[in-house]
Amino acid sequence: MTTSRPRLTFGVLAVGAGVFSMLQSLVTPALPTIQHELHSSQSTTTWVLTAYLLSASVFTPILGRVGDMVGKKRTLVAATTALAVGCLLAALAPSIGVLILGRVVQGAGGAVFPLSFGIIRDEFEPARIPAAVGAFAAVLAVGSGLGVVLAGPVISALDYHWLFWIPVAVVTAATLAAHLLIPESRVRTRGRVNWAAAGLLAAGLVALLLPISQATSWGWGSARVLGLLAAAAVLLVAWVLTEARSATPLIDMRIMRLPGVWTTNSAALLFGAGMFGVFAFLPQLVQIPREAGYGFGASVTEAGLLMLPMLVTMFVFGIVSGRVQGVFSAKAQLATGAVLCGLPCASLAAWHGERWQIGLAAGVFGAGIGLAFSAMTNLIVGSVPPQQTGAASGMNANIRTVGGAIGAAVMSTVVTGNPRPDGLPREAGFSHGFLVLTLLCLAAALAACLVPAARRAPARQAAGGAAEAPRESGAERATAAVGEG
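Remember, predicted model here, so these are calculated numbers, not experimental data.

Moving on: unusual backbone geometry. In this model, H39 sits at a positive phi of 50°, which is unusual for a non-glycine residue. Relative to the helices and strands, H39 is located in the loop between α2 (31–37) and α3 (42–45).

Moving on, we get to the packing of helix α5 (residues 72–92) against helix α7 (residues 112–123). Axis separation between α5 and α7 bottoms out at 10 Å; the angle between their running directions is 150°. Of the possible angle classes, the one that applies to α5 and α7 is roughly antiparallel. By crossing handedness, the relation of α5 to α7 is classed as left-handed. Only V112, L115, S116, G118, I119 and D122 of α7 make contact with α5, whose side of the interface consists of K72, K73, T75, L76, A79 and T80. Within the contact of α5 with α7, the residues separate by chemical class into 5 nonpolar, 4 polar and 3 charged.

Looking at the secondary structure, you find S431 in helix α19 (residues 427–449). Setting aside anything within four residues of it in sequence, one finds S431 in contact with A349 and H352.

Once that is clear, we can look at the packing of aromatic side chains. Inspection of every chain in the model, using the stated rule, returns 6 aromatic pairs. Geometrically, the ring pair formed by F10 and F136 is edge-to-face, given 6.0 Å between the ring centres and 80° between the ring planes. Residue F10 is located in helix α1 (residues 4–26), and its partner F136 is located in helix α8 (residues 129–157); the two are separated by 126 residues in the primary sequence. Each member of the pair, F10 as well as F136, is classed as buried. Aromatic rings pair up to connect F10, F117 and F136 into one cluster. For R103, the ring lying beneath its charged end belongs to Y52, and the centroid distance is 4.0 Å. The side chain of R400 reaches across the aromatic face of F373, ending 4.3 Å from its centre.

On to helix α10 (residues 195–218). Between its first and last C-alpha, α10 extends 32 Å over 24 residues, near the 34 Å set by a 1.5 Å rise per residue. The largest bend in α10 is about 35°, located at I212. Positive backbone phi, at 100°, marks G219, one or two positions downstream of α10.

This part covers the nonpolar core. Within the largest apolar cluster, 115 residues are counted, with the highest numbers of intra-cluster contacts made by I369 and F434. Broken down by element, the residue count for this core peaks at 15 residues, all from α8. Not counting chain neighbours up to four residues away, the residues in contact with I369 comprise A141, F271, M275, F279, M314 and C341. Formed by 34 residues, the second largest nonpolar core is a distinct cluster that contains L53, V66, L205 and A409.

Calculation notes
The numbers attached to residues start from 1 for each chain and follow its sequence in the written order. Whole-chain, interface and lining totals are the exception, using all residues; otherwise, since this is a predicted model, local features are given only for residues with pLDDT of at least 70 and side-chain atom pairs are given and counted only at 80 or more. Heavy atoms from the whole structure form the basis of all side-chain values; hydrogens and water molecules are not counted. Only runs of H or I of at least four residues qualify as helices and only runs of E of at least two qualify as strands under DSSP, and these elements are numbered from the N terminus. Angles run from 0 to 180 degrees between N-to-C directions of axes, and those axes are lines fitted to C-alpha atoms, restricted for helices to the stretch in contact. Roughly parallel here means an angle under 35 degrees, roughly antiparallel means over 145, roughly perpendicular means 65 to 115, and every remaining angle is called oblique. In this scheme, a crossing is called left-handed if the near helix is turned counterclockwise away from the far one by less than a right angle; it is called right-handed if the turn is clockwise. The contact criterion used is simple: two residues touch if any of their non-hydrogen atoms lie within 4.5 Å. Just so you know the grouping, Ala, Val, Leu, Ile, Met, Phe, Trp, Tyr, Cys and Pro go in nonpolar, Asp, Glu, Lys and Arg go in charged, and all remaining residues, Gly too, go in polar. Here the aromatic set is Phe, Tyr and Trp, taking the six-membered ring for Trp, and pairing holds for ring centres within 6.5 Å; pairs whose planes are under 30 degrees apart are stacked, those over 60 apart are edge-to-face, and all others are tilted. For the exposure calls, accessible area comes from a 1.4 Å probe over protein chains only, and a residue counts as buried if that area is under 20% of its type's maximum, exposed if over 50%, partly exposed in between. Counting as a charge over the ring demands two things of the Lys NZ or Arg CZ atom: a distance within 6 Å of the ring centre and an angle within 35 degrees of the ring normal. Take the number of residues in a helix, subtract one, and multiply by 1.5 Å to get its expected span. Here the bend at a residue means the angle between the axes of two seven-residue stretches, the one that ends at it and the one that starts at it. We call a set of buried residues a nonpolar core when its members are Ala, Val, Leu, Ile, Met, Phe, Trp, Tyr or Cys and they connect through side-chain atoms within 4.5 Å of each other.

Worth remembering: the numbers are spatial, not functional.
See below:
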């Protein structure tokens, strides 16, 4: 392969995955506008977010597994095509129902995460994989924050439909480029899709995420929330048992039991809760009218601009992460990133009366995300054999999404649980909420400390680069584990 091909492959993958990541947060600031324009209720409009979350949680691990079997490029093109079609539906939607349908179709694009990581592992030289994975994870993290920044200017200059028209054009170009320029991966997993397991996983994730995302409006103690959570527990246990007995599992449970995988996934769950809690509620804090005694009365555009320091540090630290893995291990980066996210959450709980305090906290938080995002992905990719990369990284992304749903729901309950007479949240609600996020980030740091340290490479491997050794060591351990029994 020529030296230019990996860079070209990386660029195409980054565009598609970056747009999907951006669509996670791009719509949030536009919900009031969408509700007004489509004459919908607030409870119905929230399904624009919920439908996307549920769809992505179902499609990400399933299509990650399909890509491992039938070809990652082929499945990637199908996923980005679905993303473009979903954006087109949303852009043309004459009603809230069609818009929600478009968001469901967009959710299939979540498979670009595991498929892209798998393609990078298959196509890049081993010594370059950690840096490439770190840079790609940085793109995903920046995409999530970029949606908050861009939503206001796009709505102000055009209208909310362009939140979808622009991705249609970009994703269509990325899909064509992927079809023409990305080589098909030679690494395949034998077998077939276990559709019974896929159905149980999909039903279990829907039963889990639906009550979490709707708990604020339904009530945590309501029969619907408790009933669905109980159903989720039953379905997910049935899924695990089915996978454990299957000759061709959707997600190999032996891979999930590897120390490097389950510890990283535990950290991802907690980290996702802290990250999405900040993404959802820090912009809301700065938009609170000054008359409330706190907040800045910022517009959607101004709130997005206050998040710019987060995007800058997120990208810089994400790029640096993989390049320094030889001297600053992925485990250490994950623990450090979680602590760096916890510190600004603690500072925001006490000090949020000045814009510079918001900007400084956002910048430090972004540095933590950049380190942790890249480290999590490198730990997963380095702990599993190549033929399991798509399924394992897909589950990691899913677990982070579940954590994000939990964090946003808990933060919403704390912030809005005791409103002022005028309906605005009390300042203490934000303070208490950021303290909860602090605890979640510190718990993620503790989970990161449980990740096993990478074994040193034998002398004959040393010439391959310090970054290569942990990846090969982890893959060899995973291959041996899968081969037993």
